[in-house]
Every structure is written in C-alpha cells, then in structure tokens.
Amino acid sequence: MTPETVMDPKNQTASDRVVELKTLIGEWNHSPAKFRPRAIPADLAKRLKTFHGDPPAWWVGQLVSFLLHPQPHFQQTIETQGDKMKFKRPIVGIQIRRTDKINNEAVYHSLEEYMKHVEEYYDLRQQHEDIKERRVFVATDDPSVTTEFPKKYPHYNISWVEGSANTASMKSRFSKDGLSTVIVDLHFLSMCDFVICRAVYELIQTRHGDASMKVYSLDSSVYYLTYYDIHYLRAVYNHEARFVGELSIQVGDFIDIESYLFYDKSRVLAGNLRNGSTFGINRRTGKRGLFPSYKAVDEIVEENMGAYD
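The protein is annotated in an unreviewed UniProt entry as GT23 domain-containing protein from Pomacea canaliculata. In its Sequence similarities (unreviewed entry) section, the UniProt entry covering the protein states "Belongs to the glycosyltransferase 23 family."

Written as structure tokens, this is what we have:
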C-alpha cells in the first residue's frame, strides 16, 4: 500500500505498524499521542531515571535510531565512507552549520570557538590516558571550513565525508545526494566520543548508553524541541525576584521552558542560559523571567504507552 493508503484508518490492519509524525507548528500540543517528545514510558521510567542523565532524550533516541536504520545498500555507503576517512576512536565531532542558520537561528561562531571545547576534551582525557593522535570529525555546510581547519590546526587528524560540504549547501541539500550526505554525517557524529553540536543529541544516546554529558552546544541550549507543551521544570526552592526581568517562584511551581523563544539581538532566551540562570514562564502566575537554575529540576512526564516489543 502507498503511505497515503496506510495512513487512512479504514485501511489499517492489526499487522500495520504506523507511526504518524506530527510536523506542523503546534500539532504536538494537541495530539492525543502518548509518545510525543519529552514523555517517557511509565514502565521504563524508574530504571531510566536511575541510570540515565536525560531519560526523554534516550527514549526519543530509540525512535530516531529506528527511523535512521540503514538499508543494506546504504550501510555499505556508510562503511565505505568510514574506510576512506579511516574513522577511528577516540574522536571528537563538530557540526559547523552556517548557510541557513546564521541570523535566523543563531549567531556566527568561529572555528576557534568550536576548537576550544575540543582541546578541553582532549586535555582532560590526556590526564589519565595516553592519546597518540587527536582526531576531529567535521560536518559542515561551509566548504571553506575544510581548508581553514588544516591550516589552523595542523597537529589534528581531521576528517569529513567526501563532498559533504558541497552537497549540504542550500542549493543541493534537498536533493537525493544531499539527503544521503546529511544522514552519513549524522551517523558519524553519533559515533564520536564527544560532539560539539546538538543535531545528534538523541541519536548519540543509543550509541553510548548515557551520553547526556558527551554533547556541548554553542547555541542557547544543548537540547530543545519547539512547539510542545510537556517540557517543564518543578521548583525545589523558593525565589523572590530581586530586579526587573527576574521571576518569582515557590516550591512546587511548574515552569515552562523553551516553548517560547525570545531574541535580544545576540542570543536566544530560552531555558538554561548556562550562566547560572534559566529563563521560563511560571504556570501559576503566568509571568516570565530569569531565576537561578539550581532552584528547579526537570519534571519528567510518564505516560502509559501501551504494548511495544
């Protein structure tokens, strides 16, 4: 059957495995689906909360991993690219996305900003193990990066998917080759020991167990989903606003974060700003503002998602 036929409930049978992915703005918030992002299965909740730093990301990662599972011919393409690059661990991955992102979603970040965190990672590992070679895997839509990198960091072993910077450009990104290259880039980013990007945050959880601390983002937060209503914090300490722009909270208050994005010329105000403050909206008062990050914790939503293998 065609996808359109399968999606018609009249044509579905008990053997059909259909997952309807909501894609339009706000559809997640009005969906009756129990598996929407940030909710986790109730039967797995206790174990996930005990052994994983970000249970919702792990659960979404299972779905992402299933959707991106390569067919045999594409698996061969991935393996061929890995052989060409001599992909080997330990390795740090960075994604430098510039063409459509700059000024629309984020500010420009120089190569040096990414490499600061790469060098910190290797310096820490070097304290307890002998690393013979510092390797970096680069995924980018800016071809100039592949020439800039070797000149500025000749002591690093640098690799990237052949032709990826060109096929990831705005002109080629939506072609078949462009899509294939993006998926290959995502695969190798997820196989890295540490990444500076957030594109593979969910997927990397399926490669390393608990990889919640193996990702760093130069953007406003490591992980967020737009247009959903079930990511919120619960206040564990009281806080009285001390100046304009701060948010008063009481123990037990629920605080929405990252459902709303506010731009102030140079950055996005959403969720944890990683400077000791978090931006959110108090559901009890309806007011928005900053509050000390340590005074609230993630409230993880549990749902009974039915039977699954």
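When helices and strands are tallied, the protein shows nine helices and 15 strands. Here the protein holds 309 residues, and the buried ones make up 45% of them. Counted over contacts in the protein with a minimum sequence separation of 6, partners at least 24 positions apart contribute 58%. When the accessible surface of the protein is summed, it comes to about 17,600 Å², and 54% of that surface belongs to carbon and sulfur atoms.

Right, let's talk about the sheet that holds strand S3 (residues 135-140) for a bit. If you trace the five strands from one edge of the open sheet to the other, you get S4-S3-S2-S5-S6, paired in parallel fashion. Of all strands in the sheet, those with a lone pairing partner are strand S4 (157-159) and strand S6 (215-216), marking the two edges. Bridge count for S3 against S4 is three bridges, and the pairing is parallel. Within the sheet, the bridge partner assigned to Phe 137 lies in S4 and is Ser 159. Sheet strands touched by helix H5 (residues 111-126): strand S2 (92-96), S3, strand S5 (194-196) and S6. Its angle to S2, the strand with the most contacts, is close to 165°.

A word on the packing of helix H3 (residues 55-67) against helix H9 (residues 201-208). In contact at an axis separation of 7 Å, H3 and H9 are set at 90° when each is read in the N-to-C sense. When the axis of H3 is compared with that of H9, the two are roughly perpendicular. Here H3 contributes Ala 57, Trp 58, Val 60, Gly 61, Gln 62, Val 64 and Ser 65 to the contact with H9, which in turn contributes Tyr 201, Glu 202, Leu 203, Gln 205, Thr 206 and Arg 207. Taken together, the residues that form the contact of H3 with H9 break down as six nonpolar, five polar and two charged.

Note on placement: Thr 146 falls in helix H6 (residues 145-152). Exposure remark for Thr 146: the relative accessible area of 16% places this residue in the buried category. Within the structure, the side chain of Thr 146 is placed 2.7 Å from the backbone oxygen of Pro 143, a separation counted as a polar contact.

A few words now on H5. Given a rise of 1.5 Å per residue, 16 residues ought to cover 22 Å, and the 22 Å separating the end C-alpha atoms of H5 matches this to within 8%. Buried residues in H5 make contact with S2, S3, H6, S5 and S6.

Pairing is possible between side chains that carry opposite charge, provided their charged atoms lie close to one another. Counted under the stated rule, the structure contains 15 salt bridges. A salt bridge links Arg 89 to Asp 193; the nearest nitrogen and oxygen atoms lie 2.7 Å apart. One end of the pair, Arg 89, is in the loop between helix H4 (72-85) and S2; the other, Asp 193, is in the loop between helix H8 (176-190) and S5, and 104 residues separate them in sequence. Given the relative accessible area of 44%, Arg 89 is considered partly exposed. Ionic pairing is found between Arg 125 and Glu 129, a salt bridge with its closest N-O pair at 2.9 Å. For Arg 125, a relative accessible area of 18% corresponds to the buried category. Residue classification places Glu 129 among the partly exposed residues on the basis of a relative accessible area of 27%. In this structure, a network of salt bridges that share partners links the residues Arg 89, Arg 125, Glu 129 and Asp 193.

Across the eight residues of H9, six count as buried, placing the element largely inside the fold. Considering only its buried residues, H9 is in contact with H3, H8, S5 and S6. At the C-terminal side of H9, Gly 209 shows a positive phi close to 75°.

What counts and what doesn't
Residues numbered from 1 in each chain as written. Predicted model: local features only at pLDDT ≥ 70, side-chain atom pairs only at ≥ 80, totals over all residues. Heavy atoms only, no water. UniProt positions renumbered as here; feature names shortened; annotations may be inferred. Helix = DSSP H or I, 4+ residues; strand = E, 2+ residues; numbered from the N terminus. Buried < 20%, exposed > 50% of the residue type's maximum accessible area, 1.4 Å probe, protein only. Contact = heavy atoms within 4.5 Å. Areas by Shrake-Rupley, 256 points an atom, 1.4 Å probe, with all protein chains shown as cover. Pairing = 2+ DSSP bridges. Axes fitted to C-alpha atoms, helices over the stretch in contact; angles between N-to-C directions. Parallel < 35°, antiparallel > 145°, perpendicular 65-115°, else oblique. Nonpolar A, V, L, I, M, F, W, Y, C, P; charged D, E, K, R; others polar. Polar contact = N/O pair within 3.5 Å; in protein donor to acceptor, adjacent residues only side chain to side chain. Expected span 1.5 Å × (residues − 1). Salt bridge = Lys/Arg side-chain N within 4 Å of Asp/Glu carboxyl O.

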